[in-house]
Each structure stands twice: as structure tokens, then as C-alpha cells.
Amino acid sequence: MAAVATGRWLRFRCKLCLTLTGQPAGPYGQAPSCRFYSGSATIPKVEGTNVTGIEEVVIPKKKTWDKVAVLQALASTVNRDATAAPYAFQDDPFLIPTSSVESRSFLLAKKSGENAAKFIINSHPKYFQKDIAEPHIPCLMPEYFEPQIEDISEAALRERIELKKVKASVDMFDQLLQAGTAISLETSNSLLDLLCYYGDKEPSTDYHFQQSEKSEELEEATEENNKKSEKTDHQFGVTWRTKNNAERIFALMPEKNSHSYCTMIRGMVKHRAPARALNLYTELLNNRLHADVYTFNALIEARALSVSEKLEDKWNNILELLKQMAAQKVKPNLQTFNTILKWLRRFHVFGKLPALQTFREMKAIGIEPSLATYHYIIQLFYHQENPSKGSSLIIYDIMNELTGQKFSPKDPDDDMFFQSAMKACSFLRDLELAYQVHGLLNTGDNWKFIGPDHRRNFYYSKFFSLVCLMEQIDVTLKWYKDLIPSVFFPRSQTLIDLLQALDVANRLEVIPQIWKDSKEYGHTFHNVLKEEILMLMARDKHSPELQVAFADCAADIKSTYESQDGRQTAPEWPANSLNYVAVLFLRAGRTQEAWEMLGLFKKHNKIPGNELLNEFMDSAKASNSPAQAIEIVKLASAFSLPICEGLTQRVMADFAINQEQKEALENLTSLTSDSDSDSDSDINEGK
Amino acid sequence: MAAPVCCQGLGSRVLSWSQELLCSWCTLHTSAVCAKNRAARVRVGKGDKLVTYEEAHVPHYIAHRKGWLSRHTGNLDGENHAAEPTVEDVFLGKFMLGTFPRCPADQLILNRRANQLEICALVLRQLPAHKFHFLVGYSETLLSHFYKCPGPHLDKSPSLIF
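Residues numbered from 1 in each chain as written. Chains lettered and ligands numbered in written order. Predicted model: local features only at pLDDT ≥ 70, side-chain atom pairs only at ≥ 80, totals over all residues. Heavy atoms only, no water.

If you look chain B up in an unreviewed UniProt entry, it shows as Mitochondrial ribosomal protein S24 from Ailuropoda melanoleuca. Under the UniProt heading Subcellular location (unreviewed entry), the entry covering chain B gives this text: "Mitochondrion". Its UniProt record, at the heading Sequence similarities (unreviewed entry), says of chain B: "Belongs to the universal ribosomal protein uS3 family." (UniProt positions renumbered as here; feature names shortened; annotations may be inferred.)

By the naming in an unreviewed UniProt entry, chain A goes by Small ribosomal subunit protein mS39 and is assigned to Ailuropoda melanoleuca. UniProt's Subcellular location (unreviewed entry) comment on chain A is quoted here verbatim: "Mitochondrion".

Structure, rendered in C-alpha cells:
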């Protein structure tokens, strides 16, 4: 079929070039000017004959390609490089961040640099006027923040409203009223919009940096990540003063339409004055005006915010609002259902059934649920972390429905979904589900919904902890290489989880590598982590090469302790760590350093463990030096350890010591036994 | 051009005489002599002078042992705006020297691709890292607004100094 089609096409082309060159001969006659090889010479040239089997050639519709389509196609062939730092940072070892705190501070520094540049550009616009860009790039020109129109007129008022200058526009409005000019309804409405949006305050200049978390209860994170405090509604307080400018202007307006009422209601709800909003709504109804869907969303929120009612009453009120909405023929949108679900979370157990009803209603109307919807549902069903009550299986249904879908942002809370989903997975200890969630994250553009830094860190910490817990060690190590440090910086708890996984799988030889990595991620001075590492290394005896590696690692850790001591006035070197380090030195054959460790015991006033002393005795025997053995006994007696007796006996039995040493030993033992008996008698007396 | 020189040498009487004779009066601006065999060369001293690779090689080694500091298509046949990138280069050099105090270790390397500008600078680690990021963000935004091109991209390679 294709050959026929090409044949026809070739014939067509033949005709064309023959006409161009002016030769009147038939298509297959003289064709020296046709440069292509006509392989269809056998096809009959009469068009009229119906050759069976020829289908109609359907010319496909012309595709319009995006301007960056080629770039997007190329980009899809490249995966994330697991060894590189995120693109936002300069690619240099000095400038790549090594912990999450640093990465946040670097990104903030870069952003503040850009803001400083913008500030300079906007304060001296005359130096940046030269426009050499062809075509004109408007975003690279300086912006004007000062109002240009100086006289008192409605145009000036509109300009100030556009420039978002709250106080200036209110002043202009008052001046206009005093001058007696009538202000049109649209301008008054837009002024009301401005006032209600900003709550009668100026828009703050560092709005972007200080966007506080909304009234969500956030996860209690571990020590490095507890930046956010738990905020509830009531902490915001009422920021809507009565008789503020918005209400005053509202009262002064000669005519109000539904837009004015709606704006006022939404402003009141945004700034936490729900009762007044409900009053205004009744006024709206009395004036026989209609509210739009956004106002109804705000009213639902107002109903849910009112503190004094019981839960069932609240729910009934909300249902009544919905009925009024249907009566006014206002179609609900996604925000309506999301608002209902958001406030149903407060109802805890009572809210489960209404939540499912709401969700089904949403599906029935045909509104596509967004990620925020699922987030609220997950939070509602998995709120209490109490496994004895039996957990619901709704998350499996949710994930089955969501697999493979690509989302676009529709709700401000969309980026909370992955965090709560992973939290539920780790609560349920289900690795397959976690992989499903992670797969959803990597579908299409869904990675954009991972949220800001701390949420991403939380998600990946939980994910990796789950992997450490449940997955085989090789796969875990692969994930470790993949995720750390290019995606997130591990907290110490994550590293401890990884160490425990290594312990379970008996792969302790990876530990020196983990210690090296932890130093890079800023955990050098983290005592719990260091103790865990030392404990795992020192617990059992291993092969000689491994012991050497462990001893190097221990020496490294020791040096970090020492540099820590140098910094702080009160050196804290835990007794366990001293024990472990000494043991590791001994086992690797670094006896000189091990003896130095014993000296450190005295210096820091910590007591060496019994096994440690036994090991020292063993090594002294191996090196066959009685002087060392006596040193050990002296040390034990200095600490008044009960093991001193046993040690002395051992020394006497195993070593060849001369007379004075024997006497010294006996003195020591008598001293200790005296003190022992004294202390015993004291204790007895005390009892 | 020789005539006025002679006039300058002679007395004023001769000057006025030549004014009547000549119709045009071209002025001559003289400056200090810049000999070509002393251009861009660091003179050899006792051997304690630290020089960079750039400074150590004289201009006739360009394209043999040295590269170019600024690459743009303005000097190709048929292209316009040959001089503007040069002026911009001087400005950018001074700008980077001022914005990153004590940091630039060597001359800047500037690449222009389409309408984008890439600045590669070798800097010393004199500033803490977050200050570097601040200054990088600041200079990128400021230069993109100044030259109306979408992304002066700064590539830095901080280096140690011996």
C-alpha cells in the first residue's frame, strides 16, 4: 500500500519537475531531470483503474508543537544525576551545601541577592532605561511603584489601587468624598477588594519569606527539623477590627451590589471574624441579592470556625448552607468540597462518614478531586497513630485510583498530599504502598507537588527509614546512594536506622564509609550517632583487615571528640565511647594508642569497663610484658574496681613477676580490699 | 600633519603666517608612547613576583598557549556591533571587581551565546559561602536587567591561593 502511495507521489513529483523543465513528454518518458529513482515503473499509470486493496490516504491533522517541544523531548531522555548537587547551587565544592540548614540558607541568600538587585533597579530606574532587546522584554525593565497621577480624581484612586497602596487609596477616597465627587461602583468595589484582601494593613514587603504555615497541625519532627511550631486557628487571633476602614467605606457607599457584600464577607472570613460574616450574609439575603460560589466557600469556613457550637450543629449548619446554595442555583466548585473536607478533619471520628459522603457527592457532580482532597481524607482517617484501634484500608483504595495520574495544581494544599501519604505508609509499615506513592511522585510532573524543603526532607526521611526497615540491604544501599545527598540530607535518626539495618544484615564493613559520609553531612559532633557507630564496631571480633579499618574509623572519631573538647569548656566524652575506642585500638594491634586511651580515662574521670580491662590483660599477656599488667592493676585499684582482685590473681598466675612487684601488687590489693570491706561495712551499717 | 608640528616648534610670528596660508587646521593629540614590545608584559624581576598563567604569557602566544578572554561573534565578517561587546567587557570586569571584594583572582572569561552571557570567574575563597550566593544572585539579576538579556550566568571556580 505504501509502495502504491509512493508511486502516486512519485508520479506527481515527476509531473512537477517535468513541467518545470518544460518537457512535455509523459511521466515515465524522458526523466533525466528527475533525480530520484523511480521504482514504481511497473504500476499502471492510468489513474482511473480501481486497484483493489488501496485505502484512502488519510492525511493527519497538523500538529502544533510548543516552542520548547524539542527541548522537552531532549530533557525527557536525561535522568536525575544522583551524584550532583541541585542545579540552583554553584557547582563547586566550596559552594555546595552540606546540610539542609546550609542549603536553605544558601537559597535564601541567593533570593535576597536578587531582591537587593530589584530594589536598586527600582530605586534608580533611569539607569536601566536603555532598551537594546529586540523584541522588548518587559520583565527586565524597572517597575514603577510610585503613583504618577497627583491630582485628586478617580483615575488617581484607581492607580493607587492597582499599585496596592492601601493607605494612600483610602486617603484618596476620603478626599474624593470630601470634594463631593461621585465614585463609580466598580472603583468602590475594587477598593473594597483591596482592603478586604489585605485586611486593612499594607502588604508586607517580605511577604514571600514570611509566609507562615497555615493552620495545619504539622508533624512533630526530630531535633534538627523542628522549625515550625504548631499553629491552630485561635493563635491567629482576630485581625479584623470592627469599624475599620473597610466597614466604614462599605457603610459610606451609596449603592451596594452583590459584589460588595461578597467581598466584605470573604474579607471577614479571611481575617477571622466569622460571626460578622454570617451577619452580613443575612443582610445580603434580606436585600435579595445572590452570593457567588466563592462567598459560599467562605461562609462554610465561617460556620466551621464558630467556636461555640457542637459538632453535629456545625455539620447541620453546613448542610443548610449547601441547600441554600442549591436554592440560589450556585454550582459548587472544587474549593467548596475541599473546604468542607478541610474542616471535617477537626471532627475526628465523627467526620469520617460525612467525609465519604462529601467525596461521593463530588464524584457524582463530576468535579475532579485534587491532591488536596485526598490529603484531607488521609489525614482524617489516619489521624490517631494508634494501631490497636485498627487502621482503615482507605489509603489502598486511594492509591489504586491515583496510580498513573498526572496532576495540575488546583488547590493551595495540594503539596501536602505526599507528606501525609508517606506518613500513613510508614505508620502502616507497608513498603509496597510506599513504592506506589513514590512511583506516583515520579509520574509526569507530579514531582512539583513535593512541597517546600522541610516537607521534602520529611517525605524522604520517612521513605528511607521505611526502606531501611523492610527492604533487603543491597536495595537499601542502592537507595542510599541514589537519594543521599542529592535529594535530601539525612538526619541523624535516619543514619541510625541505616546502621541498624546494616547490623541486622551483618554488613558492618560499610560502617566506616557511613561515618565518612556523616561527617560530610554535618553530623561530626553528634554524640548519639558516634556512640552507635562505635558500639556496632566494637561489639564483636572481626577479621583483621576489618579491624584495621574499624580502628582507623575509631581514631577519626576520637579526633572529633578531641576537637570538640577544645571548643567547649565542659568536655563531655561518654564512658562508653572511651571503652569502645580503646577496645578497637587493642584489637587492631595499636597498643600504644590504646594505652593512651587508658590515660584519658583518668583525665575525664570515667570508669573503664571490666571487659576492657580483661582485654588489656590479654594483650599484655600476648606482648609478654608484666610491667603493663601491673599498670593495669594499678589503674583498676585507682578506680577501686571490684575486678582488681581477679586481675591481681591473674597477674600472679600468668606472668613471671619478681618479688618487689609481687609485694607492690599485694599492697594494692590489700588497699582495695580494705577499702572494699570498709565500704561494705559502711553499707551494712547504713542498712 | 607635518606643517602644524613645525608651526608649534617655531615662534608665534610664524604661527600667524601659517594660519593665513593654510585653510584647514587639524589638531594633533599626543600621548605617552606605548611601544608594542612592552604591551601586556610583566617585566622580569628578582623572581619573587607571583604571576598568573595569563600574565606570564605575552600577547603573541594568544592562540598558541593562551586562549581568548572574551568570545563573541562581533568580529566575524558581516557581523555588526563589533565594539559594543568590548565596552561591555570592560564594564563587566570593573563590576565584578567591585562587587566581589578582593575575590577575582584573574581576568574574567566571557562567553556570549545567542543573547546570553556567561561569565566565568576564578575567585579566591575570601568570602563565606552564603555571601557568595547572595552576590551571585544580586549580580545575575542586576546584569540581566542592565543588558536586557535573559541570563548572565555566573560560573565561579573558587580556588585556593598559595
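1. Quick look at the interface of chain A and chain B
With 28 residues of chain A at the contact, the number on the chain B side is 26 residues. Taking both sides of the interface into account, the surface hidden between chain A and chain B amounts to around 2,300 Å²; carbon and sulfur atoms contribute 71%. The largest contributions to the chain A side of the interface with chain B come from Gln90, Phe94 and Leu140 of chain A, which together make up 27% of the buried area. At the junction of chain A with chain B, the criterion picks out zero salt bridges. (Contact = heavy atoms within 4.5 Å. Buried area = accessible area lost by both parts, 1.4 Å probe. Salt bridge = Lys/Arg side-chain N within 4 Å of Asp/Glu carboxyl O.)

2. Some points on the state of the cysteines
Residue and element names in this part refer to chain A. The tally for this structure, following the rule as stated, stands at zero disulfides over all chains. In this structure cysteine 196 is not part of a disulfide, and its nearest cysteine sulfur, from cysteine 262, lies 11 Å away. By relative accessible area, cysteine 196 is classed as buried at 2%. (Disulfide = S-S within 2.5 Å. Buried < 20%, exposed > 50% of the residue type's maximum accessible area, 1.4 Å probe, protein only.)

3. A word on the side chain of aspartate 89 of chain B
All names here are of chain B. Within the fold, aspartate 89 resides in helix 4 (residues 84-99). Engagement of the side chain of aspartate 89 in a polar contact is seen with the side chain of arginine 112, the distance being 3.0 Å. Sequence-distant contacts of aspartate 89, defined by excluding residues within four places in its chain, comprise Ser70, Leu110 and Arg112. (Helix = DSSP H or I, 4+ residues; strand = E, 2+ residues; numbered from the N terminus. Polar contact = N/O pair within 3.5 Å; in protein donor to acceptor, adjacent residues only side chain to side chain.)

4. Re the environment of leucine 92 of chain B
Residues and elements named next belong to chain B. Relative to the assigned elements, leucine 92 resides in helix 4. Look at leucine 92 and you get buried, because its relative accessible area is 0%. Leucine 92 sits 51 residues away from leucine 143 along the chain, and the two C-alpha atoms are 8.8 Å apart.

5. A short note on the packing of helix 14 (residues 352-365) of chain A against helix 15 (residues 371-381) of chain A
Residue and element names in this part refer to chain A. At their nearest, the axes of helix 14 and helix 15 sit 10 Å apart, and the two run at 160° to each other. When the interaxial angle is binned, helix 14 and helix 15 end up roughly antiparallel. The interaxial crossing formed by helix 14 with helix 15 has left-handed handedness. Where helix 14 abuts helix 15, its residues Lys352, Ala355, Leu356, Phe359 and Met362 lie against Thr373, Tyr374, Ile377, Leu380 and Phe381. Of the residues that constitute the contact of helix 14 with helix 15, the class distribution is eight nonpolar, one polar and one charged. (Axes fitted to C-alpha atoms, helices over the stretch in contact; angles between N-to-C directions. Parallel < 35°, antiparallel > 145°, perpendicular 65-115°, else oblique. Left-handed = near helix turned anticlockwise from the far one by under 90°. Nonpolar A, V, L, I, M, F, W, Y, C, P; charged D, E, K, R; others polar.)

6. What to know about the packing of aromatic side chains
Under the definition given, this model contains 20 aromatic pairs over all chains. For the ring pair tyrosine 281 of chain A and phenylalanine 296 of chain A, a centre distance of 6.0 Å and an interplane angle of 70° mean the geometry is edge-to-face. Of the two residues, tyrosine 281 of chain A is situated in helix 10 (residues 274-286) and phenylalanine 296 of chain A in helix 11 (residues 293-305); the sequence distance between them amounts to 15 residues. This pair shows no difference in class: tyrosine 281 of chain A is buried, exactly as phenylalanine 296 of chain A is. With a centroid separation of 6.1 Å and an interplanar angle of 75°, the aromatic rings of tyrosine 435 of chain A and phenylalanine 463 of chain A are classed as edge-to-face. Taken together, the positions of tyrosine 435 of chain A in helix 18 (residues 431-441) and phenylalanine 463 of chain A in helix 19 (residues 453-470) put the pair 28 residues apart, joining distant regions of the chain. Members of the aromatic cluster, joined through ring pairs, are Phe417, Phe418, Tyr435, Tyr459, Tyr460, Phe463, Trp479 and Phe488 of chain A. The positively charged end of lysine 270 of chain A is found above the aromatic ring belonging to tyrosine 197 of chain A, 3.7 Å away from the centroid. Taking NZ or CZ as reference, arginine 65 of chain B lies 4.1 Å from the ring centre of tyrosine 61 of chain B, over its face. (Phe/Tyr/Trp six-rings, centres within 6.5 Å; stacked < 30°, edge-to-face > 60°. Lys NZ or Arg CZ within 6 Å of the ring centre and 35° of its normal.)

7. Quick look at the environment of alanine 168 of chain A
Mapped onto the elements, alanine 168 of chain A comes out in helix 5 (residues 166-179). Distance in space between the C-alpha atoms of alanine 168 of chain A and glutamate 202 of chain A is 9.8 Å, their sequence separation being 34 residues.

8. A few points about helix 25 (residues 575-587) of chain A
Residue and element names in this part refer to chain A. Compared with the 18 Å implied by 1.5 Å per residue over 13 residues, the 19 Å span of helix 25 between its first and last C-alpha is a close match. Helix 25 sits mainly inside the fold: 10 of its 13 residues count as buried. For helix 25, the full list of buried residues reads Ser577, Leu578, Asn579, Val581, Ala582, Val583, Leu584, Phe585, Leu586 and Arg587. Of the residues flanking the end of helix 25, it is glycine 589, one or two places downstream, whose phi is positive at about 90°. (Expected span 1.5 Å × (residues − 1).)

9. Observations concerning the nonpolar core
A general feature of soluble globular proteins is that nonpolar side chains tend to end up buried together. By size, the foremost hydrophobic cluster in this structure holds 151 residues, and its most contacted members are Phe417, Phe418, Phe464, Leu483 and Phe616 of chain A. When residues of this core are assigned to their parent elements, the largest contribution, eight residues, is made by helix 15 of chain A. Setting aside anything within four residues of it in sequence, one finds phenylalanine 616 of chain A in contact with Ala582, Leu586, Ala594, Trp595, Leu598 and Ile632 of chain A. Phe89 of chain A together with Cys103, Leu110 and Leu135 of chain B belong to the second largest nonpolar core, which has 28 residues in total. (Core = buried A, V, L, I, M, F, W, Y, C linked by side-chain atoms within 4.5 Å.)

10. Let's talk about helix 11 of chain A
All names here are of chain A. For helix 11, built from 13 residues, the straight-helix expectation of 18 Å at 1.5 Å per residue is met to within 8% by its first-to-last C-alpha distance of 18 Å. When you tally the buried positions in helix 11, you get 10 out of 13 residues, the bulk of the element. Where helix 11 is concerned, the buried positions are Val293, Thr295, Phe296, Asn297, Ala298, Leu299, Ile300, Ala302, Ala304 and Leu305.

11. Here's the deal with the side chain of threonine 560 of chain A
All names here are of chain A. For threonine 560, the position within the fold is in helix 24 (residues 544-567). Within polar-contact distance, the side chain of threonine 560 engages the side chain of lysine 530 at 3.2 Å. With residues near it in sequence (within four places) discarded, threonine 560 still touches Trp515, Thr524, Phe525 and Lys530.

12. Observations regarding a nonpolar patch on the surface
All names here are of chain A. Residues Val68, Val70, Leu71 and Leu74 make up a contiguous nonpolar surface patch of roughly 390 Å² in combined accessible area. Along the chain, valine 68 falls in the loop between helix 1 (2-21) and helix 2 (69-75). What makes valine 68 partly exposed here is its relative accessible area of 36%. (Patch = residues over 30% accessible without salt bridge, like charges linked within 9 Å, V, L, I, M, F, W, Y side chains within 5 Å. Areas by Shrake-Rupley, 256 points an atom, 1.4 Å probe, with all protein chains shown as cover.)

13. Digging into unusual backbone geometry
Residues and elements named next belong to chain B. Of note in this structure, alanine 40 is not a glycine but carries a positive phi near 55°. Along the polypeptide, alanine 40 turns up in the loop between helix 2 (12-21) and helix 3 (53-56). Among the residues examined, alanine 40 registers a relative accessible area of 60% and is labelled exposed. Here histidine 81, not a glycine, exhibits a phi torsion of approximately 55°, which is positive. Structurally, histidine 81 is set in the loop between strand 1 (70-71) and helix 4. Its relative accessible area of 53% is what places histidine 81 among the exposed residues.

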